[in-house]
Amino acid sequence: MAEKYLEKIRNIGMIAHIDAGKTTVTERILYYTKKIHKIGEVHEGTATMDYLPEEQERGITITSAATVCRWKDKTINIIDTPGHVDFTIEVERSLRVLDGAVGIFCGVGGVEPQSETVWRQSDHYKVPKIAFVNKMDRIGADFFKVVEELKEKLNANPLVLQIPEGQGEEFKGVIDILRDKLLIFDPDTKGEVIQEFELNEAQKKEARKWREKLIEQLADLNEKILEKFLAEEEISIKEIKEAIREATISLKGVPVFLGAALKNIGIQPLLDGICDYLPSPLDVAQIQGIDPRTKEKKVFPISSKAPFSALVFKTTFETGRLLSWIRIYSGKIKAGESVYNSTQDKMQRVARIFTLHADKKERLDEAKSGQIVAVAGLKDARTGDTLCSKEDPILLERISAYRPVISMAIEPRNSQEENKLLDALSKMLQEDPTLAMERDEDTEQIILSGMGELHLEVVLERLRRYFNVDFRAGKPQVVYRETITKKASAYDEFNKELGDNLHYGFVSLEVEPIGEDKDNVITFVVNTEGWPPQWIDSIYQSIKDGLQSGVLKGYPMQGVKVAVQSLGEIKENSSEIGYHMAASSALKKALEKAGPILLEPIMNLEITVPEEFVGEVVSLIGMKGGKIENMFDRGGGKIIKAFAPLSKLFGFSTDLRSATQGRGNFIMKFERFGTC
Ligand SMILES: Nc1nc2c(ncn2[C@@H]2O[C@H](COP(=O)(O)OP(=O)(O)OP(=O)(O)O)[C@@H](O)[C@H]2O)c(=O)[nH]1
Ligand SMILES: [Mg+2]
């Protein structure tokens, strides 16, 4: 029997393009659910979820923040994610542990590029969604156009449940097409009081049209509705809502709501929608993992009585102490207990458990299946680690990593500062899987790499602000990759005394280009049957490591297939070390012969510009070595989509501003490593 409390939980995320209104919507949700008593605003630096000074100064979300509130009989855990492309990891790791999401769209901008990206990410994790078309008060808002874009750009099946009464400056309220009511959100009570009006004839006609459309869509998806529809029988609101819920959870439909969060319009029906249509932890597939001992597939039931399993999806340092954000899939934990970190193969103690509300915490004695909580005390926990019980362990899939594209050299002012810097960086690296650090062997400089200029800018700001470190930072540089352009083969024989033992290994292999943006592939053409698995593992690992640092400049390689073709042995002397060394050297020789080249980050640009500046922007893109992919009209301006190498795009915002007298805007995201 499923436990009742689980049905009443909604774990949801707010996902969208930058500035769509995720934080503003969340603020209203907190207000109407009485979690806060005063509405704060992003642009005033007072929004609850944007609590970091870096966020308040810029008016954008940088790190995802969690909160929990209650609406009617449901407990809603919300994660408000950032829309800026440099912080996509925050969305990725949140989506990994959430059961549902609200995609927020600007009524004017529609489905903007980063919305497309996060929507696809959520599709990848099979996260059911509802859509909220926000900013309906803005001039140029067009709800129906956004609905069309949901179909065209996101391949979604929008189930329109509301239509607007007026749009843009004329926007007055929301028409509920299921209940045939016009909802007006009283501005004097900050939208808390909702007045319901009967529809006039014109509104009724429009509402009926959309309801019929909705029923047709549902009939396509749902047998019961189809039967009644064909028999022309009355279909009750309850039946319609059940069908919508089924369609949403099975990823076949996306209920669409609308409003204007800033004007306090449309939030309570959205909250009802979250409760009515988004899944509870019981409605989503059980999480699959493997048994770390046998490597066999393993599944635990979603229940607090099952063995414990949880995923660490985020870690943060607060006043020097590590806080791990976890999603509990099964079982429960109590404060003070120890858990097994199956990723790191060690026991860790859960000192305290908290629910999070932005930057505030509330202590709990225990937490169980379905919950999202933060725990203190797990030393060295990292994003993507699995927690479970030692007796019945499970290992869950890690969270995908991202490839840094920009690096920057930093130099501490003196050796005392260097220790402080390294200490601070080790904490920040633990928090942020998209940040990487290495030492330049020649200059001894510390090289930080990350997702973009803003990402590194925020990292430096945090180092200065929180850790009080004094350092000099260089200019951002592009991070490259390497690949090969032709087939080549090579072999190597290792035969040396190391320590007191002779080590032997012979490896011959072939390397081949398989497409510059493809992941590497390592195969064994040679029949490895009968060979000790540790030798084969050693060769595999050696090749894998070797591909991490290319033969031109030491950048990671990609798009390379390595086929091990033959192996040789000398009975007494063959060893893991021997094969490791032979494979590494054979690989190096083969790569050198295979026409290695550098690949650079190619960025995808979407530029919005008034018609009269199109010429200037086209020539600017040409100057930057870019290629225009297409151009189309949107919201009275032109959108130009182009690809260009990142190395030429530093300072692009200034160039674009001067080419368009400040009227052009752009969004840039990483497309691939390649040649333009
Ligand atoms: N006109 C209008 N402006 C809005 C509305 N909702 C939000 N805004 C404004 O749009 C801006 C961005 O809103 P946010 O809530 O920060 O958007 P976000 O999606 O959280 O942005 P990021 O977290 O940075 O990705 C703010 O200045 C809001 O005041 C709305 O309904 N109408
Ligand atoms: Mg935000």
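Starting from 1, residues in each chain are numbered consecutively following that chain's sequence as written. The order in which chains are written sets their letters, starting at A; the order in which ligands are written sets their numbers, starting at 1. Restriction of local features to residues with pLDDT of at least 70 applies here, the model being predicted, together with a cutoff of 80 or more for giving and counting side-chain atom pairs; totals for whole chains, interfaces and linings are based on all residues. Remark: hydrogens and water are excluded; side-chain values derive from all non-hydrogen atoms of the structure.

J.: Sorry if this is basic, but what is going on with the overall build of the protein chain here?
T.: Helix and strand definitions here come from DSSP, where helices need a minimum of 4 consecutive H or I residues and strands a minimum of 2 consecutive E residues; each element is numbered from the N-terminal end. Each helix and strand in the protein chain was counted, giving 16 helices and 38 strands. The C-alpha radius of gyration of the protein chain comes to 28 Å, within 12% of the 26 Å expected for a compact globule of 676 residues. Reported as C-alpha extents along the three principal axes, the dimensions of the protein chain are approximately 90 × 65 × 60 Å. Only protein chains enter the area calculation, which uses a 1.4 Å probe; residues under 20% of their type maximum are buried, those over 50% are exposed, and those in between are partly exposed. Counting every position in the protein chain, which comprises 676 residues, the buried fraction comes to 55%. Here the accessible surface of atoms and residues is derived via Shrake-Rupley with a 1.4 Å probe, and residues count as covered only by protein chains that are part of the display. Surface exposure of the protein chain reaches about 30,200 Å², of which carbon and sulfur atoms provide 48%. Restricting the calculation to C-alpha atoms gives the radius of gyration, and the globule rule supplies 2.2 Å times the number of residues raised to the power 0.38.

J.: How should I be thinking about empty space enclosed by the protein in this particular structure?
T.: The probe, sized like a water molecule, is rolled over the atoms to show the empty space still left. Using a grid of 1 Å spacing that covers the protein atoms alone, one calls a set of points a cavity when a 1.4 Å probe fits there but cannot get out, and a pocket when the set is open and has protein on both sides within 12 Å along at least five of seven lines; lining residues are those with an atom within 4 Å of a point. Grid points are joined across faces, edges and corners, and a volume is the space filled by probe spheres set on the points. Scanning all chains against the criterion turns up one cavity of 30 Å³ or more. Approximately 70 Å³ is the volume attributed to the largest cavity. As for the largest cavity, its lining consists of Ala66, Thr67, Val68, Asn77, Ile78, Ile79, Thr355, Leu356 and Ile372. Mapped onto the lining of the largest cavity, the elements with two or more residues apiece are β2 (65-71), β3 (74-80) and β19 (352-357). Here the lining of the largest cavity is composed, by residue class, of six nonpolar, three polar and no charged. Classes in brief: Ala, Val, Leu, Ile, Met, Phe, Trp, Tyr, Cys and Pro nonpolar; Asp, Glu, Lys and Arg charged; the others, Gly included, polar.

J.: Honestly, the environment of isoleucine 328 in this entry has me stumped. Any pointers?
T.: Along the polypeptide, isoleucine 328 turns up in strand β15 (residues 321-330). Sequence separation between isoleucine 328 and aspartate 276 is 52 residues; the distance between their C-alpha atoms is 23 Å. With residues up to four places along the chain from it excluded, the contact list for isoleucine 328 reads Phe308, Ser309, Ala310, Ile333, Ala367, Lys368, Ser369, Gly370, Gln371 and Val373. Note on contacts: a residue pair is in contact if any heavy atoms of the two residues lie within 4.5 Å.

J.: Explanation requested: helix α16 (residues 652-659) in the structure shown.
T.: The α-helix advances 3.6 residues per turn, and as a result positions three or four apart in sequence lie on the same side. The set of residues buried in α16 consists of Phe652, Leu656 and Ala659. Seen end-on, α16 carries its buried residues on one side only, within an arc spanning 65°. Residues of α16 that are buried make contact with β35 (597-609), α15 (614-623) and β38 (665-674). In the segment just after α16, glutamine 661 is the residue with positive phi, at about 50°. Within this analysis, the arc is defined by the directions that extend from the helix axis to the C-beta atoms.

J.: What is the right way to read the nonpolar core from this model?
T.: A general tendency of soluble globular proteins is for nonpolar side chains to be buried together. The term nonpolar core refers to a set of buried residues drawn from Ala, Val, Leu, Ile, Met, Phe, Trp, Tyr and Cys, joined through side-chain atoms within 4.5 Å. With 44 residues, the main nonpolar core has Val25, Ile29, Ile76, Val102, Ile244 and Ile274 as its most contacted residues. It is helix α10 (residues 267-277) that contributes the most residues to this core, six residues altogether. Excluding anything up to four places from it in sequence, valine 25 contacts Met14, Ile104, Phe132, Asn134, Ala261, Ile267 and Leu270. Core analysis: the next-biggest nonpolar cluster, separate from the first, contains 38 residues, Leu456, Phe471, Ile607 and Phe613 among them.

J.: Whenever I open this one, the sheet that holds strand β8 (residues 173-176) confuses me. Can you help?
T.: Strand pairing in a sheet relies on backbone hydrogen bonds. The paired strands run either parallel or antiparallel. Strands sit in the order β7-β8-β9-β10 across an open sheet of four strands; the sheet is antiparallel. With partners counted over all chains shown, the strands left at the sheet margins are β7 (162-165) and β10 (194-198), one partner each. Recorded for the sheet is a direction-independent mean angle of 30° between the axes of neighbouring strands. Each pair of strands is called paired provided DSSP finds at least two bridges between the two strands. Both β7 and β8 contribute to a ladder of four bridges, which runs antiparallel. Within β8, the residue paired with glutamine 162 across the bridge is aspartate 176. All axes here are fitted lines through C-alpha atoms, helices being fitted over the stretch that makes contact, and every angle between N-to-C directions spans 0 to 180 degrees. Helix α7 (residues 201-221) contacts β7, β8, β9 (181-185) and β10 of the sheet and is inclined by roughly 155° relative to β7.

J.: Looking at this structure, I do not really get the packing of aromatic side chains. What am I missing?
T.: Describing an aromatic ring pair means giving the distance of the ring centres and the angle of the ring planes. Centres within 6.5 Å are what make two rings of Phe, Tyr or Trp a pair, Trp counting through its six-membered ring; a difference in plane orientation under 30 degrees is then read as stacked, over 60 as edge-to-face, and the rest as tilted. This structure, assessed with the given rule, holds 13 aromatic pairs. Arranged with centres 6.5 Å apart and planes meeting at 35°, the rings of phenylalanine 257 and tyrosine 277 form a pair that is tilted. Of the two residues, phenylalanine 257 is situated in strand β11 (residues 254-258) and tyrosine 277 in helix α10; the sequence distance between them amounts to 20 residues. In this pair, the class of phenylalanine 257 matches that of tyrosine 277, namely buried. Three or more aromatic residues joined by ring pairs form one cluster here, namely Phe143, Phe144 and Trp210. Cation placement over rings: the criterion is NZ of Lys or CZ of Arg within 6 Å of the ring centroid and within 35° of the ring normal. Positioned above the aromatic ring of phenylalanine 354 is the side chain of lysine 361, whose terminal nitrogen or guanidinium carbon lies 5.3 Å from the ring centre. Taking NZ or CZ as reference, lysine 368 lies 4.3 Å from the ring centre of tyrosine 5, over its face.

J.: Would you mind showing me how to read the coordination of the magnesium ion (ligand 2) here?
T.: Put simply, a metal with four donors set out as a tetrahedron has ideal angles of 109.5 degrees, and one with six donors set out as an octahedron has ideal angles of 90 or 180 degrees. Metal coordination here is assigned from N, O and S atoms located within 2.8 Å of the ion, or within 3.2 Å for Na, K and Ca; omission of water means that sites may look incomplete. For the magnesium ion (ligand 2), the full set of protein donor atoms is Thr23 (OG1) and Thr61 (OG1), and the range of their distances to it is 2.0 Å. Of this pair, threonine 23 sits in helix α2 (residues 22-32) while threonine 61 is found in the loop between α3 (53-58) and β2, placing the two residues 38 residues apart along the sequence. For threonine 23, a relative accessible area of 6% gives the class buried. What makes threonine 61 buried here is its relative accessible area of 8%.

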